[in-house]
Structures are given as structure tokens and as C-alpha cells.
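# Examination of the molecular architecture
Listed below, chain by chain, are the residues.
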Amino acid sequence: MISYKLHILFYIDKVKINQKGKCPMKCRITYNKKRKQFSTGIFINPNIWKSKEQKAKPPNKENNIINSQLSLISQKINEAFLMLQILPNEFDVDDIYRKFKGEDSKEEITLLGAYDLHNEKTKKLIGVDFNELSWSRYIESRRKVAEFIKHNYNRSDIKLKQLDLKFIKDLEYYWKTEKKLRQATIYRSMQRLKKIIQFSIAENYLQRDPFNLYKNKKHKTKIVYLSTQELKLLENHNFSQKRLQKVKDLFVFCCYTGLAYTEMSNLQANHLVKEFDGNTWIKMTRQKTNELISVPLLPQAKAILDKYRTEEALLPKISNQKFNSYMKEIAEVLGINKKLTHHIARKTFATTVLLYNDVPMEIVSKLLGHSKMSVTQDSYGEVVQKKVSIQMQKLKSKLK
């Protein structure tokens, strides 16, 4: 086994001098040609620091305290280094720093610790590669896994290297029996846990993937949408109650634009753009996928915008909870035996408005702002099959 030397260097950061004329003292650990730098929390007058001697001079009460603090830091780093040397596994400069800080080394890191590292890293990417909603779901995922660990092991955490297929199977069983989660929710929750495992492997915190022999069962839910007759029924009905009429109009608007609730709520005048064809298009970024939405403003949607447009807003504001509650009333009044929510409007746009009017799948995917074509195919493939069946029946009658 090759033995590498540990080097500890203290230095001042002259760029960040404060109002008192003092600079922050930093420490650099070098091991196996890799460096780790961190702030010591000590501030020092740059004139008293002697870099070659690694001491504050001349000797006096204040300088002696600084030298004692630095000596203690150096001692603790060396202790961490010695403790890692007696372990059978290899380690790097990050492990030395973690040990010095009293944290787990990569070989000792816990599952919830991996969640925290992942979530802290992705939080800085909000607005770049991540959105806040996706980040919050990993926070929720951590909470659900923590509940399971407490329930099954009566512990606050578990080491990553202890994860195996049994852990995953037990977690799945716990979510099904104790938490009564639906299969679709379990599937998504397992996908997030798997992402944490992949993150841990990529960061060299884990050597093997406990998901290797696990098959995550994807639950395909039946697509619920309004038929052509139901959509027309909804469009032609005028409610005497203003709140129901307003929500109905908003729902119909989304049936002809495919906007999700967040995009409908955030729609502004600058999102309406005159395009090359002379028509007005809605152009905005979908929050969930960060994909560009580019949808032509159909006459039915334009009529609703013209009805509600003011100087302050294009459409009325309403909470998602109230919206869905009012849609339940609307369904009852019209005798539509479906659980209508805002998301049904988006599905109606994809199916009744687009696919049933022979708009190709790849265009549907683009209009919905899906991140991948496969997402559209998985969701609406069955609808396309029904459309093909209808066309084949028409062809049979022509061939007779």
C-alpha cells in the first residue's frame, strides 16, 4: 500500500479584508495530490502573520491565542488522518476533512446524510438545472424514508453501505401497508430514492447499487379527459353563479391551450407573441420541466382572454384547491360522471382537441412542453390506439 504524506497550510485571504483591517485565516489540506480548503473562522491582521513560520508574531496575548487555535486545528486534522489510516478502506482529502469536522467519511456516510448532500447541492441549481418544486419533492422523499427507518429499525438513520435489496423491499411494503400509498406514488418515491443512490455512487460514497435486482413497478393510470360532447356541453352552459362561470371559462381556456395550473396562473401579456404566421402564440417556460411551451392561441381560448383581460392581469386568480372544488360542483350540475380537476383540461387538450383531430404525436409532445417524446407516448399511447381502431373501422367500410 502506498503511503501519502499529509500537508497542512494556513494562509490569509487578503482579498476579503474587513473594516477592522483583518483578513480571514484559511486552511488548506493536501493529500494524494488533492486539496481541500476551508475557513478557520479566525480573523488576523495581515501584518502579524509570518507565512514561512506558520505563526502570528511577535509573541503577545492576542497572537498566542491565534497560534493556539491554529495548533488545535492542525492537531485535530492529524488525529482525523491517523484514524482513517487504521481503517481498511482507502480515503481521500474530503474524508480527512469530514473526519476533522466530526462528520462521516465517504465509507461511513448515511442514507439521510446522502439526501442532505444531494438536496444542498441541487438547491444551488434552482433556476439553473432544477426548479423549486422538484427540489421540494426530494425534501419530502427524505422525510418519508426517515419515517421508515424510525419505524423499522428504531434508529434515526442507516449507513449507505448497509442498504440492500431487503431494505428496498421492506420500504415498499411499509409504504403499501402502513402509509397506504398508491402504486403511482410508490413508483415516484422509489425513483427519487434511486436518484439519491445514483448520486451516492457518482460521488464515490457507495460502491454497489442495491437497486440492481429491484424492479420498480410503474402504475399506468387511465387517462381521464372530456369527450367532444362533454367539452361542448361545458362550453355552451352558462352558470348563474359568477364563481362557477369564471372557473368554467378558465377550465375551457386550458382545454384549448394545454396550460397547467401554474402556467395559467402566471400567464402575462409578454407571453402573447405575434409569430411568423401572423397569429398570436403563447410562449412561456413550463415550470415543471423547464421546457419551452409554444402554443397557438385558438379562437376559443382567445375569446376567454378577451372576456377577462384587464390592465392588471390576463385571467382571474384563484387557488388550485378552490378551482378543483368548484369543478366538482360543475361536473355535478352538468351530469358529467368524472372527477374533474384542472389537470383534466390539459389531458382534454392533448386528446379531444389534438389527437382526435389528427395532430401528430410529436407535435402534441411539443405543445404540451414534455421533456421527452416517450412521456407523451406513455401517457397517450392508448388514445392513439383507439384513434387507429376508429380509422381502421372506416377503412373496412370503404373496402366492402
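Structural data are supplied above this passage.
In this report, we go over the structure that sits alongside the text. Keep in mind the model is a prediction, meaning the values are calculated, not measured. (Residues numbered from 1 in each chain as written. Predicted model: local features only at pLDDT ≥ 70, side-chain atom pairs only at ≥ 80, totals over all residues. Heavy atoms only, no water.)

### Some thoughts on the overall build of the protein chain
This is how it is decided: Put simply, DSSP H or I for four residues or longer makes a helix, DSSP E for two residues or longer makes a strand, and each gets a number counted from the N terminus. Type-normalised accessible area, obtained with a 1.4 Å probe on protein chains alone, sets the label of each residue: buried when under 20%, exposed when over 50%, and partly exposed for intermediate values. By definition in these notes, contact holds between two residues if any of their heavy atoms fall within 4.5 Å. Areas reported here follow the Shrake-Rupley algorithm with a probe of radius 1.4 Å; residue values treat only the protein chains shown as occluding.
Helices and strands together make up the secondary structure of the protein chain, namely 14 helices and eight strands. Classification of the 400 residues of the protein chain by burial places 41% in the buried group. Of the contacts formed within the protein chain by residues at least 6 apart in sequence, a portion of 57% connects residues at least 24 apart. Surface summary for the protein chain: the accessible area is close to 24000 Å², and the carbon and sulfur share equals 51%.

### Quick word on the pattern of salt bridges
When charged atoms on two side chains of opposite charge get close, those side chains can pair. The condition is simple: Salt-bridge detection follows one rule: a side-chain nitrogen of Lys or Arg within 4 Å of a carboxyl oxygen of Asp or Glu.
A full pass over the atoms with the stated rule returns 16 salt bridges. A salt bridge links Glu230 to Lys338; its shortest N-O distance comes to 2.7 Å. On the criterion of sequence distance, the pair formed by Glu230 in helix H7 (residues 228-236) and Lys338 in the loop between helix H11 (320-334) and helix H12 (342-354) is long-range, its members being 108 residues apart. Of the residues examined, Glu230 reaches a relative accessible area of 18% and is grouped as buried.

### A short note on the packing of aromatic side chains
Convention followed: What counts as a ring pair is set by centres within 6.5 Å for rings of Phe, Tyr and Trp (its six-membered ring), and what kind of pair is set by the plane angle: stacked under 30 degrees, edge-to-face over 60, tilted for all other angles. Any Lys NZ or Arg CZ found within 6 Å of a ring centre and within 35 degrees of that ring's normal is scored as a charge over the ring.
Summed over the entire model, instances satisfying the criterion amount to 12 aromatic pairs. Measuring from centroid to centroid gives 5.2 Å for Phe148 and Phe167, while their planes differ by 80°, and the two rings are edge-to-face. Placement of the pair is Phe148 in helix H4 (residues 132-153) and Phe167 in helix H5 (residues 165-177), with a sequence separation of 19 residues. Classification of Phe148 as buried rests on a relative accessible area of 0%. A centroid spacing of 5.4 Å and a plane angle of 55° characterise the contact between Phe148 and Tyr174, whose relative ring orientation is tilted. Residue Phe148 is located in helix H4, and its partner Tyr174 is located in helix H5; the two are separated by 26 residues in the primary sequence. Among the aromatic residues, those joined into a cluster by ring pairs are Phe148, Tyr153, Phe167 and Tyr174. The lysine or arginine in question, Arg28, covers the ring of Tyr11, its NZ or CZ lying 5.0 Å from the ring centre. Taking the ring centre of Tyr326 as reference, the NZ or CZ of Arg243 above it sits at 4.7 Å.

### A few points about H12
The condition that has to hold: Expected helix span is computed as 1.5 Å times (number of residues minus one). Two axes define the bend at a residue: one fitted to the seven residues ending there, one fitted to the seven starting there, and the bend is the angle between them.
A rise of 1.5 Å per residue sets the reference length of H12, with its 13 residues, at 18 Å; its end C-alpha atoms lie 18 Å apart and thus fit the reference within 8%. Of all the bends in H12, the largest measures some 40° and sits at Thr348. Counting buried residues in H12 gives 12 out of 13 residues, a clear majority hidden from the surface. Within H12, the full set of buried residues consists of His342, Ile344, Ala345, Arg346, Lys347, Thr348, Phe349, Ala350, Thr351, Thr352, Val353 and Leu354.

### Concerning the sheet that holds strand E3 (residues 34-44)
Strand pairing in a sheet takes place through backbone hydrogen bonds and is either antiparallel or parallel in direction. Where we set the bar: By definition, two strands form a pair when at least two bridges between them are found by DSSP. Geometry is summarised by axes, namely lines fitted to C-alpha atoms with helices restricted to the contacting stretch, and by angles between N-to-C directions that run from 0 to 180 degrees.
Taken together, three strands build an open sheet; the order of strands is E1-E2-E3 and the sheet is antiparallel. Strands with a single pairing partner mark the edges of an open sheet, and in this sheet they are strand E1 (6-12) and E3. For this sheet, the mean angle separating the axes of adjacent strands, direction not counted, is 20°. Two elements, strand E2 (residues 23-31) and E3, share nine bridges in a ladder whose sense is antiparallel. Looking across to E3, one finds that Met25 is bridged to Ile42. Docked against the sheet, helix H2 (residues 93-100) engages E1, E2 and E3, running at close to 35° with respect to E3.

### Examining the sheet that holds strand E7 (residues 280-285)
Strand order in this open sheet of three strands is E6-E7-E8, and the pairing throughout is antiparallel. The open sheet has two edge strands with one neighbour each: strand E6 (272-274) and strand E8 (292-296). Direction aside, neighbouring strands of the sheet carry axes that sit 30° apart on average. With three bridges joining them, E6 and E7 adopt antiparallel strand pairing. Looking across to E7, one finds that Val273 is bridged to Trp281.

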